[in-house]
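Notes for the structure review
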Amino acid sequence: MTDAAELRTLVHEFLAAHPPAATGHADFLRARFDAGLAWVHYPRGLGGLGAPRPLQSVVDAELAAADAPDNDPRRIGIGLGMAAPTILAYGSDDVKRRFLRPLWVGEEVWCQLFSEPGAGSDLAALSTRAVRDGDDWIVDGQKVWTSSAHTARWAILIARTDPELPKHRGITYFICDMTHPGVDVRPLRQITGEAEFNEVFLTGVRIPDAHRLGAVGDGWNVARTTLMNERVSIGGGRIPREGGMIGPVARTWRERPELRTHDLHQRLLTLWVEAEVARLAGERLRQQLAAGRPGPEGSAMKLAFARLNQEISGVEVELRGEEGLLYDDWTMRRPELVDFTGRDAGYRYLRSKGNSIEGGTSEVLLNIVAERVLGLPSEPRGDKDIAWKDLAR
């Protein structure tokens, strides 16, 4: 399947067989997956047609024109953007068949058990242990800053399986059942008053070896696939002109001329241009991805996304003056997703502070860009060849 016209015909035939207005939401999505129209670049039988990635836009446009339901991608973003490409790259055939369909349909929400209290920016220093027990692994440890853990059915997890090896080489990657009785999810209340993040305690959690992704001890390489896809999904999402954070402040500027000042005008113009450059750079990145795996450029996009969100939301608060200091509701909630554009300016300003932490801290991403994009020498590291158990902690 490489022809756009042929693909349009296939979509029209699918819509004729499954009219959106007469087909249940979940039934429509399951049928779309089975027809290979979920993500066309995936293999046949796994929601795709083995087609070039850019042809996905053909499918999306035809389905949008028919007012077809989507799978609520913001709610299941971790599954779509991080778990799915990692499962596709490293999962067994049984794992792919078991997890990809309910993941894409949205029947099972995913979360990411990577960061720990003592291993955030230095993720490879993680201490959560996984010990082999026959055909299973027993996992004990603690994870933190876990988005959607309170709603997730499954998690992607990295744990240390060999403390005798240097920290990057003794890690293994697993799929963890979040309904296991040894999984304890506790909310982390944020500056917004809400708790979309969580800390997760793992006590005697049993994971079958069949739910391991990649080889034993090769978890760091598997995790890098996840992290690169994560940064692309955070910083390189497709948005229209004046989409994202720049949209609300631009509308306020046009609709409220009494709030304007010369200084804010100059700052807003600069940020508008930078937001448009970032949007176009993201489009170019997605076109590059069509030819292969995501590279370190995704780190640069995520870095720009965090900085722009924080600066734009700051300008918006200043533009609104006293209104910008208002906040709608401090009630403790555990939301299913982050809604930057559907909330008020105060929420955007507070929530954007987390953008420079989640998905890799800005400091770490600067190192990645320096070393892997610009080719600068890496900083001297004295812990790369030392067994994890011998590292100072």
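Everything here concerns the structure above.
A brief structural summary. What you are looking at is a predicted structure, and each value in this text was computed from that prediction instead of being measured.

**Details of the overall build of the chain**
Helix and strand counts for the chain come out as eleven helices and eight strands. Its C-alpha atoms give the chain principal-axis dimensions of roughly 70 × 55 × 45 Å. Within the chain, buried positions represent 50% of all 393 residues. Across the chain, contacts joining residues at least 24 apart in sequence account for 71% of those joining residues at least 6 apart.

**Considering unusual backbone geometry**
Its identity is not glycine, yet aspartate 67 carries a phi of approximately 55°, on the positive side. By the element assignment, aspartate 67 lies in the loop between α3 (56-65) and α4 (77-90). One non-glycine residue, glutamate 242, lies in the positive phi region at around 65°. Checked against the element boundaries, glutamate 242 lands in the loop between α6 (219-235) and α7 (246-255). Looking at glutamate 242, the relative accessible area reads 22%, which means it is partly exposed.

**Concerning the side chain of threonine 23**
Structurally, threonine 23 can be placed in the loop between α1 (4-17) and α2 (25-34). You can call threonine 23 buried: its relative accessible area is 17%. Not counting the four nearest positions on each side in its chain, threonine 23 is found in contact with His18 and Phe28.

**Points about the environment of valine 338**
Relative to the helices and strands, valine 338 is located in the loop between α9 (297-320) and α10 (345-351). Through-space distance from the C-alpha of valine 338 to that of alanine 22 is 31 Å; in sequence the pair is 316 residues apart. Discounting chain neighbours no more than four positions away, the residues touching valine 338 are Arg74, Glu196, Tyr347 and Arg351.

**What to know about the nonpolar core**
Ranked by internal contacts, the top residues of the largest apolar core, which has 71 residues, are Trp39, Ile87, Trp110, Leu113 and Met178. Counting residues in each nonpolar core, the second largest holds 15 residues, with Ile246, Val249, Trp253 and Ala278 among its members.

**Side note on the packing of α1 against α3**
It is at 10 Å that the axes of α1 and α3 come closest, and there the two elements cross at 35°. The way α1 lies across α3 gives a crossing that is right-handed. Taking contact as the criterion, the partners of Ala4, Leu7, Arg8, Val11, His12 and Leu15 in α1 are, on α3, Val58, Val59, Glu62 and Leu63. A per-class count over the contact of α1 with α3 returns seven nonpolar, one polar and two charged.

**Focus on α7**
Counting buried residues in α7 gives seven out of ten residues, a clear majority hidden from the surface. Taken as a whole, α7 has its buried residues at Ile246, Gly247, Pro248, Val249, Ala250, Thr252 and Trp253.

**Here's the deal with the pattern of salt bridges**
Across all of its chains, the model carries 37 salt bridges by this definition. Between lysine 167 and aspartate 383 there is a salt bridge, with the nearest N and O atoms lying 2.5 Å from each other. Placement of the pair is lysine 167 in the loop between β4 (154-160) and β5 (171-177) and aspartate 383 in the segment after α11 (362-373), with a sequence separation of 216 residues. The same class applies to lysine 167 and to aspartate 383, which are both buried. The structure contains a network of salt bridges with shared partners spanning Arg256, Glu258, Glu316, Arg320, Glu323 and Arg348.

**Remarks on the side chain of arginine 32**
Position of arginine 32 relative to the elements: it lies in helix α2. Given a relative accessible area of 7%, arginine 32 falls into the buried group. Looking at arginine 32, its side chain comes within polar contact range of the side chain of aspartate 60, at 3.3 Å.

**Observations concerning a nonpolar patch on the surface**
On the surface, a nonpolar cluster with roughly 280 Å² of combined accessible area is contributed by Val373, Leu374 and Leu376. Take leucine 374: it is sitting in the segment after α11.

**Notes on the pairing of strand β2 (residues 129-133)**
When β2 meets strand β3 (residues 136-143), the two strands line up antiparallel, connected through five bridges. Bridge pairing in β3 places arginine 132 opposite tryptophan 137. Counting the residues in the hairpin turn of β2 and β3 gives two residues, including glycine 134, whose phi is positive at 65°.

**Things to note about the packing of aromatic side chains**
According to the stated counting rule, one finds ten aromatic pairs in the structure shown. An aromatic cluster of three or more residues is present, and its members are Phe99, Trp110 and Trp154. Its end group placed over the ring of phenylalanine 201, arginine 186 keeps NZ or CZ at 4.0 Å from the ring centre. Over the ring of tyrosine 347 we find arginine 343, and its NZ or CZ is 3.9 Å from the ring centre.

Each value, and the rule that gives it
- Residues numbered from 1 in each chain as written.
- Predicted model: local features only at pLDDT ≥ 70, side-chain atom pairs only at ≥ 80, totals over all residues.
- Heavy atoms only, no water.
- Helix = DSSP H or I, 4+ residues; strand = E, 2+ residues; numbered from the N terminus.
- Buried < 20%, exposed > 50% of the residue type's maximum accessible area, 1.4 Å probe, protein only.
- Contact = heavy atoms within 4.5 Å.
- Core = buried A, V, L, I, M, F, W, Y, C linked by side-chain atoms within 4.5 Å.
- Axes fitted to C-alpha atoms, helices over the stretch in contact; angles between N-to-C directions.
- Left-handed = near helix turned anticlockwise from the far one by under 90°.
- Nonpolar A, V, L, I, M, F, W, Y, C, P; charged D, E, K, R; others polar.
- Salt bridge = Lys/Arg side-chain N within 4 Å of Asp/Glu carboxyl O.
- Polar contact = N/O pair within 3.5 Å; in protein donor to acceptor, adjacent residues only side chain to side chain.
- Patch = residues over 30% accessible without salt bridge, like charges linked within 9 Å, V, L, I, M, F, W, Y side chains within 5 Å.
- Areas by Shrake-Rupley, 256 points an atom, 1.4 Å probe, with all protein chains shown as cover.
- Pairing = 2+ DSSP bridges.
- Phe/Tyr/Trp six-rings, centres within 6.5 Å; stacked < 30°, edge-to-face > 60°.
- Lys NZ or Arg CZ within 6 Å of the ring centre and 35° of its normal.

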